[in-house]
Structures are given as structure tokens and as C-alpha cells.
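The primary structure of each chain is shown beneath.
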Amino acid sequence: MGDFDLVVVANRLPVERLTAGTTTTWGISPGGLVSALSPVLESRNAVWIGWPGEVGEVGASFPVNWEGIALKPVLLSEDERDEFYLGFANATLWPLYHDAIRSPTFDRTWWHAYVDVNARFAKTAAETAAFGAIVWVHDYQLQLVPKMLRDLRPDLRIGFFLHIPFPPRELFMQLPWRREIVEGLLGADLVGFQVPGAASNFSRLARHLVGLRGTDSLVDLAGRQVRVGAFPISVDTGRLMERARDPAVQTRALQIRSDLGDPEAVLLGVDRLDYTKGIDHRIMAVKELFADGTLSAGRHVMVQMAVPSREEDPHYQREREHLEQLVSEVNGEFADVGHPAIHYLYQSVSFDELISLYLAADVMLVTPLRDGMNLVAKEYVMSRIDATGCLVLSEFAGAASELRGSLLINPYDLDATKNAIRHALEMDKTEERARMRRLRRIVRRHDVHRWASSFLVALDEQTASETPEGGQRH
Ligand code: GDG
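Definitions and cut-offs
- Residues numbered from 1 in each chain as written.
- Predicted model: local features only at pLDDT ≥ 70, side-chain atom pairs only at ≥ 80, totals over all residues.
- Heavy atoms only, no water.
- Domains from an automatic or database assignment.
- Contact = heavy atoms within 4.5 Å.
- Buried area = accessible area lost by both parts, 1.4 Å probe.
- 1 Å grid on protein atoms, 1.4 Å probe; cavity = no way out; pocket = protein on both sides within 12 Å on 5 of 7 lines; lining within 4 Å.
- Points joined across faces, edges and corners; volume = space filled by probe spheres on them.
- Helix = DSSP H or I, 4+ residues; strand = E, 2+ residues; numbered from the N terminus.
- Pairing = 2+ DSSP bridges.
- Axes fitted to C-alpha atoms, helices over the stretch in contact; angles between N-to-C directions.
- Expected span 1.5 Å × (residues − 1).
- Buried < 20%, exposed > 50% of the residue type's maximum accessible area, 1.4 Å probe, protein only.
- Arc of directions from axis to C-beta.
- Parallel < 35°, antiparallel > 145°, perpendicular 65-115°, else oblique.
- Left-handed = near helix turned anticlockwise from the far one by under 90°.
- Near = heavy atom within 4 Å.
- Areas by Shrake-Rupley, 256 points an atom, 1.4 Å probe, with all protein chains shown as cover.
- Nonpolar A, V, L, I, M, F, W, Y, C, P; charged D, E, K, R; others polar.

## As for the domain arrangement of the chain
- Looking at the chain, the domain boundaries give domain 1 (4-233 + 450-466) and domain 2 (237-444).
- On a C-alpha basis, the centres of domain 1 and domain 2 stand 30 Å from each other.
- With 20 residues of domain 1 in contact, the opposing surface of domain 2 contributes 21 residues.
- Regarding the contact of domain 1 and domain 2, the summed buried area is about 1700 Å², with carbon and sulfur atoms giving 61% of it.

## Brief notes about empty space enclosed by the protein
- If you walk through the whole model with that rule in mind, you get 2 cavities of 30 Å³ or more.
- Its volume calculated, the largest cavity comes out at about 50 Å³.
- In terms of lining residues, the largest cavity is bounded by Gly389, Cys390, Leu391, Gly405, Ser406, Leu407, Met427, Glu432, Arg435, Met436 and Leu439.
- At the level of elements, strand S17 (390-394) and helix H15 (429-445) are the ones that each hand at least two residues to the lining of the largest cavity.

## A short note on the sheet that holds strand S8 (residues 157-161)
- Overall, mixed pairing links the 10 strands, which are arranged S5-S6-S4-S1-S7-S8-S9-S12-S11-S10 in an open sheet. The strands lining the two open edges of the sheet, one partner per strand, are strand S5 (65-66) and strand S10 (213-214).
- As paired elements, strand S1 (residues 4-12) and strand S4 (residues 46-51) share 5 bridges and run parallel to each other. Residue Val8 lies in a different strand from S4, and its bridge partner there is Trp48.
- Sheet contacts for helix H4 (residues 145-152): strand S7 (129-138), S8 and strand S12 (224-230); angle to S8, the most-contacted strand, approximately 175°.

## Describing helix H9 (residues 247-259)
- Its 13 residues give H9 an end-to-end C-alpha distance of 18 Å, which sits within 8% of 18 Å, the value for a rise of 1.5 Å per residue.
- For H9, the set of buried residues is Val249, Ala253, Ile256 and Arg257. Taken down its axis, H9 places every buried residue within 95° of arc, on the same side. Counted as exposed and oriented over 90 degrees from the buried face of H9: Pro247, Ala248, Thr251, Leu254 and Asp259.
- Lining the buried residues of H9 we find helix H8 (237-245), strand S13 (265-272) and helix H12 (351-360).

## Description of the sheet that holds strand S18 (residues 407-409)
- Reading across the sheet, the 6 strands line up as S15-S14-S13-S16-S17-S18 and stay open at both edges, with parallel pairing between neighbours. With partners counted over all chains shown, the strands left at the sheet margins are strand S15 (342-345) and S18, one partner each. Put simply, the sheet's adjacent strands are angled 20° from each other on average, direction ignored.
- Taken together, the 4 bridges between strand S16 (residues 363-366) and S17 define a ladder with parallel strand orientation. Bridge pairing in S17 places Met364 opposite Leu391.
- Here helix H14 (residues 414-426) sits on the sheet in contact with S13, strand S14 (300-307), S16, S17 and S18, set at roughly 170° to S18.

## Re the layout of surface pockets
- Counted as a void, the second largest pocket has a volume near 270 Å³.
- Forming the boundary of the second largest pocket are 20 residues, of which Val195, Arg370, Asp371, Phe396 and Gly398 lie nearest the centre.
- For the lining of the second largest pocket, the element with the highest residue contribution is helix H7 (residues 196-210), accounting for 3 residues.
- Of the residues that make up the lining of the second largest pocket, three or more belong to each of domain 1 (4-233 + 450-466) and domain 2 (237-444).

## A look at the packing of helix H3 (residues 108-128) against H4
- Viewed as axis vectors pointing N to C, H3 and H4 meet at an angle of 45°, and their least axial separation amounts to 9 Å. Classified by the angle their axes make, H3 and H4 are oblique. For H3 against H4, the interelement crossing comes out right-handed. Contacts between H3 and H4 pair Val115, Asn118, Ala119, Phe121, Ala122, Lys123, Ala125 and Ala126 from the former with Val145, Met148, Leu149 and Leu152 from the latter.

## Overview of the site of the ligand
- Near the ligand there are 23 residues, and of these His163, Val349, Asp371, Leu375 and Glu379 occur at the shortest range.
- In isolation the ligand offers 730 Å² of accessible surface; the protein chains occlude 91% of this area.
- For the shell around the ligand, the secondary-structure elements that each account for two or more residues are helix H1 (32-41), S14, H12 and helix H13 (375-383).
- At 3 residues, the largest contribution of residues to the shell around the ligand is made by H13.
- Counted by class, the shell around the ligand contains 10 nonpolar, 9 polar and 4 charged residues.
- Domain assignment of the residues forming the shell around the ligand places at least three in each of domain 1 (4-233 + 450-466) and domain 2 (237-444).

Laid out in C-alpha cells, this is it:
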């Protein structure tokens, strides 16, 4: 038993090793979960348990504390990195949970590694949490942890949040270990999803596979109830607006536009390079708009930031080659000397630079084929402090159920995507501002602090109603 009152368990720690020559330092690592959780934990007696992102020992330079959050590494061997992380998490669960856009691989060796690594995370959490502490487990890599942890420490209050979609029954049933996964999640007191559809997919499966009773929001295990619900994640609206108001960030946005040749319109995409994000569908739509004369180099430009991700995975290597080929075809055909049609950046940038890019963009293209939420869409909205700018958003992003003022598209429908981009380019300022104000109101009312506190309040309520006298839960 440890002494932390709030334990976050996630696959990755919020830091990564940065090496320059022979010097090693640790810095904050980019990614959806880090952006979402850091502001919530900074003021609590909290510990974050996760994998440092590299195999083997972390070494003496590893920070035990990062901006007020204690860090506890869970180490993986090279085989575990390959089988648990690259294998079961990213080549089985990730594609299966994203509509099977790529075929999931089912491999028994990977499954055994998934069980072993989940057990290590559960053991570390059991050793770190104080009596009756809250343990908040995150995401698809750790779906067995809730049950394993409950078996070790029945006194804990366990919440689980899935950041990615939860598939419909027809797809989930392909998984050879479907029952183990559902039972693993049911070890929690509260299981949270991004959207109500995912929550009801899960509750229905629990009833169907494990033969339990209950409703879409409450699953009844013998002697214990598990609450299930939607908790749409959001962004740190205060920080985004503060950075967007910063004169240096605004000057940089003007500089970016001037570097792009002061075009009439800048279209922007920002994504991890991932086959779920629909980057190629988006570029195809833009290509056709250059072809039919709606867009022309010099007057219009697209900037596509593709942040390197999972580079060891052959699916991701192929996706990168495919995108680079596509961008080069578009530029080959439609660029003018000094005026590319698409600026493609395969790199990550600082948070301030990202906000400057958002400020420089007239049209933001967020077109995933399936996405749990998509924070980029919400970040763009909150950066547009003067309420200008248009958001073209896939209806298959979780964000679509909230961001009703955006131009919603089916990313598989190229004509619909082209029409939405045309609409964005031709939109009069009154409509643009009205839409953006509406979007800003929605995101501002529901920022990341509210997301975290509503999840923790729901967990509190659930466990308060469940705790028998003596403080032991079963
Ligand atoms: C998963 C789910 C869900 C991107 N490039 C840079 C950078 N980023 C930051 C963005 C944003 C985050 O990374 C990406 O978050 P997304 O939500 O768009 O996507 P995933 O990484 O797939 O996240 C997703 C999320 O978890 C949270 O629950 O919304 O559906 O798939 O915050 O700003 N940050 C910096 N430089 C970059 O170049 N600093």
C-alpha cells in the first residue's frame, strides 16, 4: 500500500527522453491524454503510473516528479514493447475499435503479453495507492487493469475511461478474448466513454456476453453495480485563450501567413500521422478542388501537419509513404514556382507554434474516419478568440455530437467534403462569426476541468452508494 490519494494509470507517462548529442533530458511528451490531464493533476496529491516509452531501465536522470505530479515508471522489455504495445494494443485493439479501417491481427502471443503487462500495471497501482484512494485507469492498452486491481485491493475506488471509440457488438465479437476484456472493464466502479453510443455498446455487450442484468447506464454484477456513462473529454480553454491572446503568438501567426505568401485562404490539418485520421481523404478532396479551379496555388494553400507516431508499425510506415506520394502528386500538378498547393510537415511543433498555426488558418479540416473525440477541433475553436474561422468536421469524430455549429461531413463522401470546403471559403462574415461564437460557447462551457471533475464526482457518487460499512468493497 502507498500514500497517494489519486492514482492515474495510463500506458504512457507524460514525459519522454530528449537526447541532444550525449546529453539526456526529459521533457513533456505531446499527445491527447497529456494535454487533457496535466491541468487537472497539478494541484493534487497525485501520482501518474505509466511506461516511459522506451524499453529497459530509465536511468538516473529520470524525473520522479514533473510539475507537481509524482511519476512512477512501469518498465517493458523489448519483446513486451513489440507484443503488448505495437502488437495487441496498436495492431489488434486500435484498428478493431476504429471500425476495422485496417484489418486487426489476432495473435495469441500478443494476448499473453497484454495480460502480463496489465498485471504489472495493476500491481504497481496496488503498491502506490493509499487506503480507499481513487485510481483512474486510462484507455485501451489497460482494459484488464480494473479487475486485476480490484482483486488485489478491494478498498480502492476504480474508474476507467476509454479515450477511443468502443465498437459495436458486431465488430467487438470478432475478438477471441472479448469476454476477458469486458470482465476486465467491469472491475471498475465507473466505466466512462467519449459518447453515449459507445457507453451503450459496452453495456449491451456486458449483458449479452457475461449474461448480466442492467440498463445502458448501470450494469448489475452479483453484489456490486458498475456505472457506465459518457464523459466527453475537452481542452484547457483558459490556457488556449491565454496563449492565443499573447502578442508573440499573434505576431507569429501573421508571420506564418506572410511566409505562405499572404494567400486569400489558408486551410489547415493537424493530426498524428494515423490511418484513422482521414488525412488522405482530405487531401483527395483538396486535390479535386485544385483540379476544378475552386482552389489555386498562390491564392489558396493547405498546410498539413502530420505528427510522427508509431513509426515502427508497418501500417504507419505505409500510410506515411502514401501521404507523401499524394502530397507530391498534388504539388507536382497544381503548384506554381514559389507557391506550393500543400505544405506538408512531418514533425511536431511547440504548443505556441500550434496555436499560431490555428490563428493563421481560415479553414480547419478535421476529417477522421473514426475518432474517439478529437481535441484538435476543440483547440482550433478555442484559439479563434475573434470568432472568425470555419471548422469542417467529420461526423465520425466524437466531437461532432457537441460541435453542431461546424460544417459536418462524411469523410468518405468526397463531394460532401468538397462542398463543405467551398461553403467555408464562400461563407459571409456574419454566418462565420455566428457559427464560431456558438462553437466557442459550447467548448467553453465544457472544458477539461469540467470533464475531469464530472468523471471524479460520478465515481465518488457511485462508490459512496456502494460502500458497505467497514469500508471494504467487493
Ligand atoms: C486520443 C483519441 C481523443 C498534435 N500535434 C502537436 C500537438 N498535438 C496535440 C494536439 C492535441 C493532441 O496532440 C491530439 O489529440 P487528438 O484528440 O486530436 O488525437 P489522439 O492523439 O488520437 O488522441 C482522441 C484523445 O485521445 C483524448 O481523449 O480526443 O479521439 O484518439 O491536443 O494539440 N501538440 C504539440 N505539438 C504538435 O505538433 N505541442
